[in-house]
Amino acid sequence: MKSRKFDRFFMKELPGYVRFTVIALAIALVVMGMMAAQMLLMPLVWAVMLTLMLLPVAEWWERRFKRRVLASGITVLMAVAVGAGVLLLLGTQAIGLADDSPVIAEKLTVTVNSLRYFVDEQLGLPFAEQPEAFKAELMSGAEGIALQLSKYVQRTMTTVALMVVVPIYVFFLLSYRELFVGFVGKLTTVKNKAHTVHTITSASKIVQGYLIGASIEMLIVSVMVSILFLVLGIKHALFFGVFVALLNVIPYVGVFIGSTVSVIYAYFTTDIWYIPVLVFVFLWVIQIIDNNFIVPVVVGQKIRLNPLAILLVVVLGGLIWGVSGMVLFIPILGMIKVILDDSEFLQPYGYLLGDKESSIAP
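Treat the numbers as computed from the prediction; the structure is a model and nothing was measured.

About the thresholds
- Residues numbered from 1 in each chain as written.
- Predicted model: local features only at pLDDT ≥ 70, side-chain atom pairs only at ≥ 80, totals over all residues.
- Heavy atoms only, no water.
- Helix = DSSP H or I, 4+ residues; strand = E, 2+ residues; numbered from the N terminus.
- Buried < 20%, exposed > 50% of the residue type's maximum accessible area, 1.4 Å probe, protein only.
- Contact = heavy atoms within 4.5 Å.
- Core = buried A, V, L, I, M, F, W, Y, C linked by side-chain atoms within 4.5 Å.
- Phe/Tyr/Trp six-rings, centres within 6.5 Å; stacked < 30°, edge-to-face > 60°.
- Salt bridge = Lys/Arg side-chain N within 4 Å of Asp/Glu carboxyl O.
- Bend = angle between axes of the 7 residues up to and from the residue.

(A) Highlighting the environment of Leu50. By the element assignment, Leu50 lies in helix α3 (residues 38–65). Given the relative accessible area of 27%, Leu50 is considered partly exposed. Between the C-alpha atom of Leu50 and that of Leu173, which follows or precedes it by 123 residues, the distance is 9.8 Å. Excluding residues within four positions of it along the chain, Leu50 makes contact with Val166 and Val170.

(B) Main features of the nonpolar core. Among the nonpolar cores identified, the biggest contains 27 residues, and Val314, Trp321 and Phe329 are the most heavily contacted of them. For this core, the secondary-structure elements that each account for two or more residues are α2 (16–36), α3, α9 (190–232), α13 (307–321) and α14 (323–341). Counting 19 residues, the second largest nonpolar core, distinct from the first, contains Phe229, Leu232, Phe240 and Ile286.

(C) Broad picture of unusual backbone geometry. Although it is not a glycine, Lys66 sits at a positive phi angle of roughly 65°. Here Lys66 lies in the loop between α3 and α4 (68–97).

(D) Geometry of the packing of aromatic side chains. Using the criterion set out here, one finds 12 aromatic pairs in the structure. Ring plane angle 80° and centroid distance 4.9 Å describe the contact between Trp60 and Trp61, whose orientation is recorded as edge-to-face. Residue Trp60 is classed as partly exposed on the basis of its relative accessible area of 36%. Plain terms: the ring middles of Phe229 and Phe240 are 5.3 Å apart, the flat faces sit at 15° to each other, and that makes the pair stacked.

(E) Representation of the environment of Val242. Mapped onto the secondary structure, Val242 falls in helix α10 (residues 237–247). A relative accessible area of 17% places Val242 in the buried class. As for Val242 and Ile220, which are separated by 22 residues in sequence, their C-alpha atoms are 10.0 Å apart.

(F) Quick peek at the pattern of salt bridges. Taken as a whole and assessed by the stated rule, the structure comprises four salt bridges. A salt bridge links Glu62 to Arg68, with the nearest nitrogen and oxygen atoms 3.3 Å apart. By relative accessible area, Glu62 is classed as buried at 19%. Since its relative accessible area comes to 21%, Arg68 is described here as partly exposed. The shortest N-O distance in the salt bridge between Glu178 and Arg68 comes to 3.4 Å.

(G) Representation of α3 in the model. At Leu54, α3 shows its maximal kink, close to 50°; a proline, Pro56, follows between one and four residues later. In the stretch just after α3, Lys66 is the one whose phi turns positive, near 65°.

See the structure below:
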């Protein structure tokens, strides 16, 4: 049952500009808090998402052993083993990429010289004078790239260090999950307790289905990309399969980055001119298959958000929490939409976030 007194007060007694100002200030405070408490909140949110994804596995073990703590421990150990195996595999493949550096350097030199000859012939800037002409620009660009790379490496190392506590969080969240549900229920009045618990449970199940489906989608995409690279004779096929699949989780941006890096690597490590073109074409064919067949069947429409809302939340997530924010903010927004749709005075905002099929008609 909904809190109609609060809805009536917020919708009728407060002017529209006051309601909008209150909501805008609340969003601004939440964003500032997420930025300030990033080191605490980011691993905790990762733990919540992983807990939702691993919950069916923990429940299966719990039915076997009849002990929740033991089942939670086994589930976390399995997840850590799988994650460590993937990281070890990717690390081994990444080390192998260093062996290609001489070939890439040679191909890069040839490419740069070809561009210099093009500038000499088409733009009239003599070949011999080009290094002096571009020296200042190259130094400036190199310094900027080095600075950004340093910041990115530092931020990535900080994120990796924070991820160490995630399995501990997951263990306690799995072991004491009913305690957290009861806590949410106690925050509300007795009259609204059942409704609140139902809303939170529904949002959790929707996100859980999305996370499990997205994981299966990643596995399928990684297999397809790996097979593509093996067929085309490009080295480190498994690495690029997992790399593209992981980036595929980030809508729009991830697909572009994964395809660009793959095409560039294929260009610098192969001597056949059409191989990079085939990589580009087939990666986008895989993306079309993923969007039109794999996602509807495997992921389904668990989180119904319109493309503009997804793009904005990906950009916002990147600004606040980097790559982690790009991945995490989509399921978070999905949970928020369920809560908005369940409140009478917040339904218009849920409608704004949803697609045409899922949104509640105004």
